[in-house]
Amino acid sequence: MDRFDTLLACATSRRRLLGGIGISSAAALAGPGLAETLANLALPGGPSERPIMNAFPGKGSMILQRINPPLLETPIEVFDRDVFTPNDRFFVRWHWANIPTSIDATTYRLTVRGHVARPVSISLAELLRLPRVEIAAVNQCSGNSRGLFEPRVPGAQWRHGAMGNAKWLGVRLRDVLDLAGVKPGAVTVRFGALDQPVVAGAPDFGKSLGIDHARDGEVMIAFGMNGEQLPLLNGFPIRLIVPGWYSTYWVKMLNDIEVLPGPDDEYWTAKAYKVPATPGANVTPGTKDYPAVPISRMVPRSWVTSLSEGQTIAFEAAIPLGGIAMGGDAGVARVDVSADGGRTWYKSVLGPDQGTYSFRRWDVRVPLPRPGHIALMSRCTSMAGVTQPMMPIWNPGGFMRANVETTNIIAA
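Residues numbered from 1 in each chain as written. Predicted model: local features only at pLDDT ≥ 70, side-chain atom pairs only at ≥ 80, totals over all residues. Heavy atoms only, no water.

Take the pairing of strand β25 (residues 372-382) next. Consecutive residues of a regular strand have side chains that alternate between opposite faces of the sheet. Of all the eleven residues making up β25, eight are buried; the element is thus mostly covered by neighbouring parts of the structure. Taken together, the six bridges between strand β21 (residues 332-338) and β25 define a ladder with antiparallel strand orientation. Across the sheet, V337 pairs through a bridge with S378, a residue of β25. Here β25 runs beside strand β26 (residues 405-411); their pairing, made up of seven bridges, is antiparallel. In the sheet register, G372 faces β26, and the bridge partner there is A411. (Buried < 20%, exposed > 50% of the residue type's maximum accessible area, 1.4 Å probe, protein only. Helix = DSSP H or I, 4+ residues; strand = E, 2+ residues; numbered from the N terminus. Pairing = 2+ DSSP bridges.)

Here it is as structure tokens:
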């Protein structure tokens, strides 16, 4: 029995654990008195302070953005320790607050239906017997860094911690679809989950992919995360993994797959998560009636992680600096760093390549121009030749921020 076959063997104890402290009881506990400290996210639109707490099941110290549904942000210093984000510090984002607080892995089923030859209901035991694949991939919220948009836009005011990188273990979606036999003429595959709306008539959360993308061999159904079972808050027992795409497609607690002979016309695909069909998804604030398309592929990004915003350090002629980068839907080719506001750039040394869709570590020794306020910048270029722009974009959803980020420090 390997470590993931214990998913079934340990089902009973997991039910007891989650029944003892589920999401609802964590929410009841997550009052101001339990905050370990406050994080200052330095958001231009304010307010910037958020409690840091560890009252949620399976999670360590996280920045609390919202209790119900849980929105938990990973502190930036976590990303400096490893390119893979620990499960207990991995960000959490749900759309609906009605989330199961316990899962019986022995009775859980994944249904595949719709435009197929034979609808099937697959147990976790059957899923575990399929050929397994593992891939390193960044899971990033479409609105990561939304709190830095100027002028401010509505939605969760994340800084940079609505993301994480993991090694995902599971099975190819293609192999699961083959169990049901996709009929000719299939166009779209829609994915549903166990979380439910809390308002009558509100649409169930579901997302869809084109049939060719769904069957490309990279899209997968994961039950393992960094060598462990998925945490409840990250989608236990199974979730969809769509490498290189924003996390709105990474459906958690996946329990329903519907193959469609046409496009998906339901709310979360047809109307929600749209971005301007313009270069960089950028429009001028106040612009109306622009063409829009569903958000999809991620773009290159990079961050300084070895120093934090506002930190004071001793002045030296040159300092070591490190961080992480991602190529979006392609690998990381290079990361350049500046300590003078972007006038001079230095090429960093990249760490091991963990795969096309993974974070990659970068390090450099960068000269400081003078004592005082220093603007540190990192700029990623992907294997596809796409380089982060200097200027930030704006759109009313606060989606797809991609510009070179600045970490301001004081060298005294």
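From this point, the discussion proceeds with the structure in view.
Here we come to the pairing of strand β3 (residues 62-66). Most of β3 sits inside the fold, with four of its five residues counted as buried. As judged from the two bridges shared by strand β2 (residues 49-53) and β3, these two strands associate in the antiparallel manner. Each bridged residue has a counterpart across the sheet, and for M53 the counterpart in β3 is M62. Sheet topology places β3 next to strand β4 (residues 71-73); three bridges connect them, and they run antiparallel.

Bringing the sheet that holds strand β22 (residues 346-347) into the picture now. Consider a sheet: its strands pair through backbone hydrogen bonds, and that pairing is either parallel or antiparallel. Taken in spatial order, the five strands line up as β19-β26-β25-β21-β22 in an open sheet, and their pairing is mixed. Looking at the sheet topology across the chains shown, the edges are occupied by β19 (312-313) and β22.

With that out of the way, let us pick up the pattern of salt bridges. For the structure on display, the rule yields 15 salt bridges. For the salt bridge of R365 with E316, the shortest nitrogen-to-oxygen distance reads 3.7 Å. One end of the pair, R365, is in strand β24 (residues 360-367); the other, E316, is in the loop between β19 and β20 (318-326), with 49 residues separating them in the sequence. What makes R365 exposed here is its relative accessible area of 52%. (Salt bridge = Lys/Arg side-chain N within 4 Å of Asp/Glu carboxyl O.)

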